[in-house]
Amino acid sequence: MEITRIAISELKPYGRHAHNSANAVRAVAESIRRFGFKQPLVVDKRNVVVCGHARLAAAKSLGMTELPCVLATELSEDEIRAFRILDNKIHEKSSWDVDALVAELAEIKFDFAPFEVEFDLGLDAPNFDSERAEPELERSYQIVVTCADEEEQSALYERLVEEGYQAKLCNL
């Protein structure tokens, strides 16, 4: 596998990309900021993105000027289109080993908050060992607010956090 650096201005998102990754862009940008750009994009011979639309958008938001890319020149057009879909779809087949995740989270000191991710570690998880990790069982009162778009959602979230509320971003 050969990695080539390509100017962001030469990279083109696929116009009919069926996977909406807009809600992940901020978290991906935070990941790039924190860990560096560790996973190249995959592009076709015309520099159209095959895999990595969220990484491209995140890199743009960070002001990056070029990205590492793998050229998928050996794939046919149909293979590229199938790979683009499968790259996102196959992730849905994965699940967490809750015991392993609880153990891993218990052993590291890391602030996941900037990534806006949550881990469902409820007591109903299979083989949950309550002596290894105590989930919070506090009663919580929640409200669901419908926003017109992601921008309004982000603004409301920021305002609530600034006012001292514990807020989470969700899309239903």
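Everything quoted here is computed from the prediction, not taken from an experiment. (Residues numbered from 1 in each chain as written. Predicted model: local features only at pLDDT ≥ 70, side-chain atom pairs only at ≥ 80, totals over all residues. Heavy atoms only, no water.)

Draft legend 1. Up close: the nonpolar core. If you look at the biggest cluster of nonpolar residues, it comprises 15 residues, and the most contacted ones within it are L11, F37, L41, V43, L56, L67 and C69. Elements with a contribution of two residues or more to this core: α1 (25-35), β2 (41-43), α2 (53-61) and β4 (66-71). The residues touching F37, leaving out its near neighbours within four places in the chain, are I32, R55, A59, M64, L67 and P68. Of all hydrophobic cores here, the second largest spans 5 residues; its members include V42, V50, A72 and I80. (Core = buried A, V, L, I, M, F, W, Y, C linked by side-chain atoms within 4.5 Å. Buried < 20%, exposed > 50% of the residue type's maximum accessible area, 1.4 Å probe, protein only. Helix = DSSP H or I, 4+ residues; strand = E, 2+ residues; numbered from the N terminus. Contact = heavy atoms within 4.5 Å.)

Draft legend 2. Here's a closer look at unusual backbone geometry. Residue N47 is not a glycine yet carries a positive backbone phi of 65°. Looking at the secondary structure, you find N47 in the loop between β2 and β3 (49-51). For E116, which is not a glycine, the phi torsion comes out positive at approximately 55°. Assignment of secondary structure puts E116 in the loop between α4 (98-107) and α5 (150-162).

Draft legend 3. Quick look at the pairing of β4. In this structure, strand β1 (residues 3-7) lies alongside β4, joined through 5 bridges in antiparallel fashion. What sits directly across from I3, in β4, is V70. With 3 bridges joining them, β2 and β4 adopt parallel strand pairing. Looking at β4, one finds that V43 is bridged to L71. (Pairing = 2+ DSSP bridges.)

Draft legend 4. Region of interest: α2. When we look at burial in α2, the residues that qualify are H53, A54, R55, L56, A58 and A59. Buried-residue contacts for α2 involve α1, β2, β3, β4 and α3 (77-89). Looking one or two residues past α2, G63 carries a phi angle of roughly 75°, positive in sign.

Draft legend 5. Representation of the packing of aromatic side chains in the model. Inspection of the entire model under this criterion finds 4 aromatic pairs. Where F35 meets F110, the ring centres are 5.8 Å apart and the plane angle is 20°; that geometry is what we call stacked. Of this pair, F35 sits in helix α1 while F110 sits in the loop between α4 and α5, and the two are 75 residues apart along the sequence. In this structure F110 comes out as partly exposed when scored by relative accessible area, which is 28%. These aromatic residues form a ring-pair network of at least three members: F35, F110, F112 and F115. Over the ring of Y14 we find R84; its NZ or CZ atom is 3.6 Å from the centre of that ring. (Phe/Tyr/Trp six-rings, centres within 6.5 Å; stacked < 30°, edge-to-face > 60°. Lys NZ or Arg CZ within 6 Å of the ring centre and 35° of its normal.)

Draft legend 6. Highlighting the pattern of salt bridges. Going through the model one piece at a time under the given rule, you end up with 7 salt bridges. In this structure, the salt-bridge partner of E30 is R33, at a minimum N-O distance of 3.1 Å. On the criterion of helical spacing, the pair formed by E30 and R33 is a turn pair, its members being 3 residues apart in helix α1. By relative accessible area, E30 is classed as buried at 18%. Classification of R33 by relative accessible area gives exposed; the value is 53%. One network of salt bridges, with partners in common, ties together D44, R46 and E77. (Salt bridge = Lys/Arg side-chain N within 4 Å of Asp/Glu carboxyl O.)

Draft legend 7. Seen up close, the confidence of the model for the protein chain. Taken residue by residue, the protein chain gives an average pLDDT of 84. The fraction at 70 or more is 87%. Overall, residues 123-137 carries pLDDT values under 50, and its contacts beyond four positions in sequence, including any with other chains, amount to 17 contacts. (pLDDT = per-residue confidence, 0-100.)

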